[in-house]
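If you want the building blocks of each chain, they are given just below.
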Amino acid sequence: MFGRNNETNAIAKRAVPIGLALPLVAFVSITFLIPLGSMVLQSFHDPEVAETLPNTLRLLQDWDDTEIPNAEVFESLADELNAALEARTIGKVATRVNRIASGTRSVFAKTARRLQRMDATDVKAAMIEIDDRWTDTSLWQAIRTAGYRFTSRHYLQSVDLKRAPDGPVQQVSEDQRIYNSLYLRTFYVALTVTLLCFLVGYPIAYAIASVGESLAKILLIVVLIPFWTSLLVRTTSWLVLLQNQGVINDILVWLGLVGDESRLALVHNMTGTLIAMTHVLLPFMILPMYAVMRSIPPAYMRAAASLGANPIQSFIRVYFPQSLPGVSAGCMLVFILSLGYYITPALVGGTKGQLISNMIAYHIQNSLNWGLAAAISVILLVIVFACYFIFDRFVGLDKLKLG
Amino acid sequence: MSSSPKFRLLFLPVVALMASAVAIAEETLTVVSFGGSYAQACVDGYHKAFEEETGIKIKLEDYNGGLAQIRAQVDAGAVHWDVVDTESAPLQTGCDEGVFEYIDDLELPPSPDGVPAEEDFFDDMLTECGVGTLVYATAIAYNADNMPGDPPTSITDFFDLEKYPGRRGMQRRPLNNLEFAIMADGVPTEEVYEVLSTEEGIQRAFRKLDTIKDQVIWWETGAQPPQMLADREVLMSTAWNGRIFNAQVKENQPFVIMWDGHIRDTGAMAIVAGAPNLENARKFVAFATSTRGMVGVASHISYAPVRHSGLPRVGKHATEDVEMKPHLPTYSENSKKFLLSDVIWWSEREDELTERFNSWLAR
């Protein structure tokens, strides 16, 4: 009896914090887990064609690839395209097949519309007369490929690979390769920005942590004001400063450091991306470092000095190791944020400064190939997790300190 | 379940309110367009007249073109846009995908001389889902104050870095750029798409683009070219003719459009599938694409009518002392050498060519 009561008490005690966390759990699952799940699903699940052309796809399973399919396949496709035209889903089929066999988009709606207007007895002959692309076996192969509900196509494409019609996976032709070089570039930019932020941010954080309280407040505000300013405003200000006829070039020309003809290209390239991103992300580096540095007792440095260490020695052997948790937290934040950076490179990056996120945005907004965008996002997410685990392995998450 | 008369009376105000809401809903119309100087030209050109004559109130919204937002509304079954201003390529794709109403049964007004609409419109302007509204051009523009020596006269000059050293502005997409490149490489306009349909043709266009690649600044929004020309950030840029016109007339910029080898495309109007005010939307499309509507737009911004009866009726700018005709792409002096953008060709190859283009850019 008593024991049971204790048990219910214990459950009730646990239920309270769980209950308090419920709104957050609900919020996170609605705004993060569900969209994330549907995105991951989109990257390999594409049922549109399978649902529109079920019979044709079943017939195509028995087709041997070498010659034009038989009349039965043509008739089935004609019926299903006609239904798709009525239901107005034909464009979705055409778009998907066209992604596999470029230059076939118009053949679907064109064929379906013409077939409606004529009363063909020999459907196969009629379709071939309407468009002779129906005699091309690669078009039929593309229809069959687009018909698989589950596909690795998007993942292959997002690492510059493709599957040949006869099976083996191969690299896409050289003039279409892009994604692998963009992952590398994104990685390189994230590392460089992290390093630059560290080099610029460490002295500032050190200064804020070691000066008097009133001066520290002013310095902190100087760091925070840009942090509170809209990202777009900060990025476009860099455009004004860095462009060919911009403030910095004007000053350099006025000083006579560079000629009017040889103004420096500071923006619309990698330089612009690095400068603007370093500036935008700097507060994420400074704030955690400052928080950790503030907690380092100044007595330690005095003790080191009294034991005979010169200022450089005492900094390297006493101060710096104690500030490391802040440094790792800052580096981690800046690095992971840089991996997903998008607006700044889009505005000041030109073409040489574009990162992988810009391709995700392109496929979401312009090409409307959400499956491919989802696959690239998943790969990016995996890279972030990998970095996180490598960090945990070699540095240790317990070493992270935000203050 | 019976209810007392008193109880039923309670519903009266509710019913009355609903009825009036329906009445209001019937008399409004949501029109979505590209914003900026163009949307203003439409408001002054024919929205006001339409509101006065029909009593239907227009709610104007802006978008950046494309199909993403329209598709989202149709897929979610929550359509609140009625009429959209669109371009020929998304019109075609959107019609196939079922996000636009079929409006090929629309009764369009004849020309002021009584020529029936089917004959008055240019070829291919009346499609299943759209009615053509205007012709615009993508052309090379430069700043006369920033052009030492002879100004460029042909599309070849745009690619000639020896004669015209300096940066170039081009839109960051393969559309139009491949055509400009292949024309500059000596292909006559009527063979452009034939040549580009071959692998050698595509490679040839990219090789031509290679020759100026280091000097190109890639723009993404229509407002960038006039700004880059004004800032002298570029020597010449591809640009939409209406934006250059606006800078010339409204901001007195010494910009010049070089019409040689310009590329023409058409704008169109479509009705979103399941539009809440379908009847009003149909009335509006017919009104906007009348000769009067097109001439109205052309008296505010330099986009040309797509009816034969339109061009002769275009006169001066509505507020500025400027003859509009010489600024229109279809004006005879400007039409000596131009290319008509092939929408079907692009709808099939845009995905593939964009991928190649991006890969080429990143190299």
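Residues numbered from 1 in each chain as written. Chains lettered and ligands numbered in written order. Predicted model: local features only at pLDDT ≥ 70, side-chain atom pairs only at ≥ 80, totals over all residues.

Visitor: Please clarify how the overall build of chain B should be interpreted in this entry.
Guide: A tally of helices and strands in chain B yields 15 helices and 9 strands. Principal-axis analysis of the C-alpha atoms places the extent of chain B at approximately 90 × 45 × 40 Å. Counting over 363 residues, chain B shows a buried share of 47%. Considering only contacts in chain B between residues 6 or more positions apart, those separated by 24 or more positions represent 74%. (Helix = DSSP H or I, 4+ residues; strand = E, 2+ residues; numbered from the N terminus. Buried ≥ 20, exposed ≤ 12 C-beta atoms within 10 Å, placed from the backbone. Contact = placed C-beta atoms within 7 Å.)

Visitor: In this structure, what is going on with the overall build of chain A? I would like to understand it.
Guide: Helix and strand content of chain A: 19 helices and 2 strands. Counting only C-alpha atoms and orienting by the principal axes, one finds that chain A spans roughly 100 × 95 × 35 Å. Each of the 403 residues in chain A was classed as buried or not, and the buried ones make up 31%.

Visitor: So what exactly am I meant to see when it comes to the pairing of strand S5 (residues 168-171) of chain B here?
Guide: The side chains of a regular strand alternate between both faces of the sheet. All names here are of chain B. Side chains Arg 168 and Met 170 of S5 all project onto a buried face; the interleaved residues Gly 169 and Gln 171 project onto the opposite face, where all are buried too. As defined by bridge partners, S5 adjoins strand S7 (residues 236-240) across 2 bridges and the pair is classed as parallel. Pairing of Gly 169 across the sheet is with Ser 237, part of S7. (Pairing = 2+ DSSP bridges.)

Visitor: Looking at this structure, I do not really get unusual backbone geometry. What am I missing?
Guide: A negative phi angle characterises most non-glycine residues, just as the trans form characterises most peptide bonds. Residue and element names in this part refer to chain B. The phi torsion at Asp 124 lies on the positive side, around 65°, for a residue other than glycine. Its place among the elements puts Asp 124 in the loop between helix H6 (117-120) and strand S4 (130-143). For Asn 252, which is not a glycine, the phi torsion comes out positive at approximately 55°. With respect to the element layout, Asn 252 can be found in the loop between helix H12 (241-250) and strand S8 (255-271).

Visitor: So what exactly am I meant to see when it comes to the nonpolar core here?
Guide: For soluble globular proteins, nonpolar side chains are generally found buried alongside one another. All names here are of chain B. Residues Val 83, Ala 141, Ile 271, Val 272, Val 285 and Ala 298 are the most contacted members of the largest nonpolar core, which totals 92 residues. No other element matches S4, which puts 9 residues into this core. Discounting residues that sit within four places of it in the chain, Ile 271 has contacts with Asp 82, Val 83, Phe 100, Glu 101, Ile 103, Leu 278, Ala 281, Arg 282 and Val 285. (Core = buried A, V, L, I, M, F, W, Y, C linked by C-beta atoms within 7 Å.)

Visitor: Explain the confidence of the model for chain B here, please?
Guide: Should pLDDT be low for a region, the predicted coordinates there are not to be read in detail. Per-residue confidence for chain B gives a mean pLDDT of 89; residues scoring 70 or more make up 93%. Both confidence scores are given for the complex: pTM 0.77, ipTM 0.70. (pLDDT = per-residue confidence, 0-100.)

Visitor: Please explain helix H15 (residues 343-362) of chain B as it appears in this structure.
Guide: With 20 residues, H15 of chain B should reach 28 Å at 1.5 Å per residue; the first-to-last C-alpha distance of 26 Å fits that figure. Of all bends in H15 of chain B, the biggest is about 60°, found at Arg 349 of chain B. Taken together, the buried positions of H15 of chain B are Val 343, Trp 346, Ser 347, Glu 348, Arg 349, Glu 350, Leu 353, Glu 355, Arg 356, Phe 357, Asn 358 and Ser 359 of chain B. On its buried face, H15 of chain B sits against helix H5 (90-100) and helix H6 (105-117) of chain A together with helix H5 (88-97) of chain B. (Expected span 1.5 Å × (residues − 1). Bend = angle between axes of the 7 residues up to and from the residue.)

Visitor: Can you help me understand the pairing of S8 of chain B in this one?
Guide: All names here are of chain B. Within S8, 12 of the 17 residues are buried, which leaves the element mostly enclosed by the surrounding structure. Judged from the 5 bridges that link them, strand S3 (residues 83-87) and S8 form a sheet pairing that is antiparallel. Directly across from Val 84, in S8, lies its bridge partner Ala 270. In this structure, S4 lies alongside S8, joined through 12 bridges in antiparallel fashion. Across the sheet, Val 131 pairs through a bridge with Met 269, a residue of S8.

Visitor: Explain the interface of chain A and chain B to me, please; I cannot follow it from the model alone.
Guide: By a widespread convention, an interface's size corresponds to the accessible area lost as its parts come together. Across the contact, 30 residues belong to chain A and 24 residues belong to chain B. Per-element tally for the side of chain A that touches chain B: the top contributor is H5 of chain A, with 6 residues. The residue makeup of the side of chain A that touches chain B, split by class, is 6 nonpolar, 18 polar and 6 charged. (Nonpolar A, V, L, I, M, F, W, Y, C, P; charged D, E, K, R; others polar.)

Visitor: Whenever I open this one, helix H10 (residues 199-210) of chain B confuses me. Can you help?
Guide: Side chains that are three or four residues apart share a direction in an α-helix, a result of its 3.6 residues per turn. All names here are of chain B. Under the 1.5 Å per step criterion, the end-to-end length of H10 is 16 Å for 12 residues, consistent within 8% with the ideal 16 Å. Taken residue by residue, H10 has Ile 202, Ala 205, Phe 206, Lys 208 and Leu 209 as its buried positions. Along the axis of H10, the buried positions cluster into a sector of 155°, meaning they face one direction only. Opposite the buried face of H10, by more than 90 degrees, sit the exposed residues Glu 199, Glu 200, Gln 203, Arg 207 and Asp 210. Packed against the buried residues of H10 are helix H8 (177-184), helix H9 (192-196) and H15. (Arc of directions from axis to C-beta.)

Visitor: I'm lost on the packing of helix H10 (residues 179-210) of chain A against helix H11 (residues 213-228) of chain A in this one. Help?
Guide: Any two packed helices are characterised by the angle at which their axes cross and by the distance between the axes. All names here are of chain A. At a minimum axis distance of 8 Å, the contact between H10 and H11 shows a crossing angle of 150°. Judged by the sense of rotation from one axis to the other, the crossing of H10 with H11 is left-handed. For the pair formed by H10 and H11, the contact residues are Ile 204, Ala 207 and Ile 208 on the first element and Ala 216, Leu 219, Leu 220 and Val 223 on the second. Here the contact of H10 with H11 is composed, by residue class, of 7 nonpolar, no polar and no charged. (Axes fitted to C-alpha atoms, helices over the stretch in contact; angles between N-to-C directions. Left-handed = near helix turned anticlockwise from the far one by under 90°.)

Visitor: Please explain the packing of helix H15 (residues 298-306) of chain A against helix H16 (residues 311-339) of chain A as it appears in this structure.
Guide: All names here are of chain A. Where H15 contacts H16, the axes come no closer than 10 Å and their chain directions differ by 140°. Judged on the interaxial angle alone, H16 and H15 are oblique. Crossing hand, H15 versus H16: right-handed. Touching Tyr 300, Met 301, Ala 304 and Ala 305 of H15 are Ser 314, Val 318 and Tyr 319, all from H16. When grouped by side-chain class, the residues that make up the contact of H15 with H16 number 6 nonpolar, 1 polar and no charged. (Parallel < 35°, antiparallel > 145°, perpendicular 65-115°, else oblique.)

Visitor: Would you mind showing me how to read the environment of Leu 347 of chain A here?
Guide: All names here are of chain A. Residue position: Leu 347 is located in helix H17 (residues 343-348). In the structure, Leu 347 is positioned 244 residues away from Gly 103 in sequence and 32 Å away in space, judged by C-alpha atoms. The contact partners of Leu 347, leaving out residues within four places of it in the chain, are Thr 235, Thr 236 and Leu 239.

Visitor: What exactly am I supposed to notice about the environment of Ala 230 of chain B here?
Guide: Residue and element names in this part refer to chain B. Along the chain, Ala 230 falls in helix H11 (residues 224-230). Ala 230 sits 182 residues away from Lys 48 along the chain, and the two C-alpha atoms are 33 Å apart. Among all residues touching Ala 230, those that are not within four sequence positions of it are Asn 143 and Gln 253.

Visitor: What should I look at first to understand the environment of Leu 29 of chain B in this one?
Guide: Checked against the element boundaries, Leu 29 of chain B lands in strand S1 (residues 28-33). Residue Leu 29 of chain B is classed as buried on the basis of its C-beta count, with 25 C-beta atoms lying within 10 Å.

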